[in-house]
Amino acid sequence: MLVDTYETADHGVPQTARHIAPAFRAAGADCVRVQSAPDAPGVYRSSSPTYANYVDNIVHDGDLEKTIAALEPYRPVAVVAGGEYGVAFTDVLAEAMGLPGNGTALSAARRDKHTMVETVRAAGLRAARQLRTADEAELAQWHRELGGRIVVKPIRSAGGDGVSFCDTPEQSTAALRAITSRQNLFSEDNDAVVAQEYLVGAEFIVNTVSLDGAHHVCDIWKSQRFSVNGITDLSGACYLVPRRGPHHDELVDYAGQVLDAVGIRQGAAHVELKLTPQGPCLIEVGARLSGGDLPHYARLGIGESQLDWMVDACLRPERFRARCAEDYRIQRYYSWAAMISPVAGTLRRYRAIEEIQALESFHEMWQLTKPGQRLRRTVDDTTYPIIVTFMHEVDEVLMRDLGTLRYLDGVGFYELGTEHD
């Protein structure tokens, strides 16, 4: 059964969840969709799952016994979270039905970002210094004592929602007020924030699938970040890197220890890390498939991804175990990149679209803001105007085209209409 498979977010970005049911169906399995609450969270209210991929759609109304009774005729063999919002209920359902899962004892460490880091620290791993608070004076004092830049973010959410990089206590308290005055992406109240020391170093994503505590590394990605529009470390691109490379073993070893610390023994996981001068350090971990459609991109670059390994772990465990220690090999280098708008207004047209499409490694483009619509300055991953993907057998060609994309982006790329248009 698949929990909360929302296929798009409210900004129109395709979600990884749309690939899960087809992957299991291709292996001969039927899928049941379970919605963990009657109302979808705000970010997914416009999402329309492909119900034809499921033999049933069961909406959990809070009565666990009723939901289990509705599922039992299908004799489920696995429970899979379709996204971050479904992680906690996936734990509950798997445990209640006696199916393979990660249990509920450490569920909080897999959802609550403060508890997550403290759990990793308690396991003896390097972890960021942090504070959980709703008090402005406490946050300001902690920032003054720590010094330098800190990160303030919601306790629970996803993507770049509410993440603020703050250089002064005044910026930190302003971030706290902004976060606690609204709900997170999942329509949950932000009653507090977590403030963490800013980690200096390259950012990586290690995507895994686990079976009975054995972890397979499916793909590793390196992020490109930019300081623009008043935002420090704005995510602007991400590209696939080989399993073996400088410090990659160190990253993988640390990621595996993080999975062990937070109790991820079954299924997919997504580990975000910074490679600091002192070694790897956790940003956060999710007990789910990687977001941003990375499993789909990894399939195009490697030939398989978390999706395929998850199917094996659930349906063909002997195949998973036989290949678990194998390194993935890149067939085509792959990257996604976002255009970063420095301006706001009514979009008349994009300039240089044809030049982007003519780049040698160009693969696909999604115009999330279309001509005639309101263009926003890009300040997070919900305000990207365009996402472009690149794919090529030679990594230097791809990196060259990523650089060219950034050259083409900027004020001159966006033609805005006048107030009279």
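None of these values were measured; they are calculated from a predicted model. (Residues numbered from 1 in each chain as written. Predicted model: local features only at pLDDT ≥ 70, side-chain atom pairs only at ≥ 80, totals over all residues. Heavy atoms only, no water.)

Enquirer: Help me out: how do you make sense of the sheet that holds strand S19 (residues 414-416) in this one?
Expert: Strand pairing in a sheet relies on backbone hydrogen bonds. The paired strands run either parallel or antiparallel. The strand order across the open sheet formed by three strands is S17-S15-S19, and the pairing between neighbours is antiparallel. Two strands in the sheet have a free side with no partner beyond their single neighbour: strand S17 (374-375) and S19. Of the pairings in the sheet, the one linking strand S15 (residues 345-350) to S17 comprises two bridges and is antiparallel in character. The residue of S17 that forms the bridge with Gly345 is Leu375. (Pairing = 2+ DSSP bridges. Helix = DSSP H or I, 4+ residues; strand = E, 2+ residues; numbered from the N terminus.)

Enquirer: Sorry, what's going on with the domain arrangement of the chain here?
Expert: Accessible area lost during the coming together of the parts is what is often quoted as the interface size. Parsing the chain into structural domains produces domain 1 (2-97), domain 2 (129-197), domain 3 (199-331) and domain 4 (334-416). Put simply, the middle of domain 3 and the middle of domain 4, counted by C-alpha atoms, are 25 Å apart. Counting residues at the interface gives 17 residues for domain 3 and 21 residues for domain 4. Interface of domain 3 and domain 4: buried area, both sides summed, is about 1,600 Å²; carbon and sulfur atoms make up 62% of it. On the domain 3 side of the interface with domain 4, the three residues burying the most area are Asn229, Leu234 and Tyr297, jointly 34% of the side's total. One can count zero salt bridges joining domain 3 with domain 4. The interface formed by domain 3 and domain 4 contains nine residue pairs in polar contact (both at pLDDT 80 or more). (Domains from an automatic or database assignment. Contact = heavy atoms within 4.5 Å. Buried area = accessible area lost by both parts, 1.4 Å probe. Salt bridge = Lys/Arg side-chain N within 4 Å of Asp/Glu carboxyl O. Polar contact = N/O pair within 3.5 Å; in protein donor to acceptor, adjacent residues only side chain to side chain.)

Enquirer: How do you make sense of the packing of aromatic side chains when you look at a structure like this?
Expert: The geometry of an aromatic ring pair is captured by two quantities: the separation of the ring centres and the angle between the planes. As enumerated under the stated definition, the model contains seven aromatic pairs in all. Geometrically, the ring pair formed by Phe165 and Tyr198 is edge-to-face, given 6.0 Å between the ring centres and 85 degrees between the ring planes. In this pair, Phe165 is assigned in strand S7 (residues 164-166) and Tyr198 in the loop between strand S8 (193-197) and strand S9 (202-211), connecting sequence segments 33 residues apart. The exposure class of Tyr198 is buried, given its relative accessible area of 18%. (Phe/Tyr/Trp six-rings, centres within 6.5 Å; stacked < 30°, edge-to-face > 60°. Buried < 20%, exposed > 50% of the residue type's maximum accessible area, 1.4 Å probe, protein only.)

Enquirer: How should I be thinking about helix H2 (residues 64-71) in this particular structure?
Expert: Given 3.6 residues per helical turn, the α-helix brings residues three or four places apart onto the same face. Listing the buried residues of H2 in full gives Thr67, Ile68 and Leu71. What you see down the axis of H2 is that its buried residues fit within an arc of 100 degrees, all on one side. In this structure, the buried residues of H2 make contact with strand S2 (32-35), strand S3 (56-59) and helix H3 (87-97). (Arc of directions from axis to C-beta.)

Enquirer: Any chance you could explain the pattern of salt bridges here in plain terms?
Expert: A side chain with one charge may pair with a side chain of the opposite charge, provided their charged atoms come close. This model, assessed by the stated rule, comprises 30 salt bridges. With a closest N to O distance of 2.8 Å, Arg225 and Glu203 form a salt bridge. With Arg225 in strand S10 (residues 214-228) and Glu203 in strand S9, this pair connects stretches of sequence that are 22 residues apart. Of the residues examined, Arg225 reaches a relative accessible area of 31% and is grouped as partly exposed. In this structure, a network of salt bridges that share partners links the residues Glu304, Asp312, Arg316, Arg319 and Arg323.

Enquirer: Please clarify how helix H5 (residues 136-146) should be interpreted in this entry.
Expert: Every buried residue of H5 is accounted for by Leu139, Ala140, Trp142 and His143. One side of H5 holds all its buried residues, which, seen down the axis, span an arc of 165 degrees. Away from the buried face of H5 by more than 90 degrees, exposed residues Ala137 and Glu145 are located. Those residues of H5 that are buried are in contact with strand S5 (130-133), strand S6 (150-154), S7, helix H6 (169-180) and S8. Gly147 sits one or two positions beyond H5 and adopts a positive phi of about 80 degrees.

Enquirer: Hey, could you run me through the pairing of S8 in this one?
Expert: A regular strand carries its side chains on alternate faces of the sheet. Across the five residues that make up S8, a large majority, five, are buried. Here S8 shows two buried faces, one formed by Val193, Ala195 and Glu197 and the other by Val194 and Gln196. The pairing of S5 with S8 spans four bridges and is antiparallel. When the sheet's bridge partners are listed, Gln130 is paired in S8 with Gln196. Direction of pairing for S6 relative to S8: antiparallel, over a ladder of five bridges. Within S8, the residue paired with Val152 across the bridge is Ala195.

Enquirer: Would you mind going over the side chain of Thr5 with me for this structure?
Expert: Along the polypeptide, Thr5 turns up in the loop between strand S1 (2-3) and helix H1 (20-26). The class of Thr5 is buried, set by a relative accessible area of 0%. Within the local environment of Thr5, its side chain forms a polar contact with the side chain of Arg33, the two groups lying 3.1 Å apart. Among the polar contacts listed, one links the side chain of Thr5 to the side chain of Tyr54, at a separation of 2.9 Å. Ignoring sequence-local partners within four residues, the contact set of Thr5 consists of Ala17, Arg33, Pro49, Tyr54 and Gly82.

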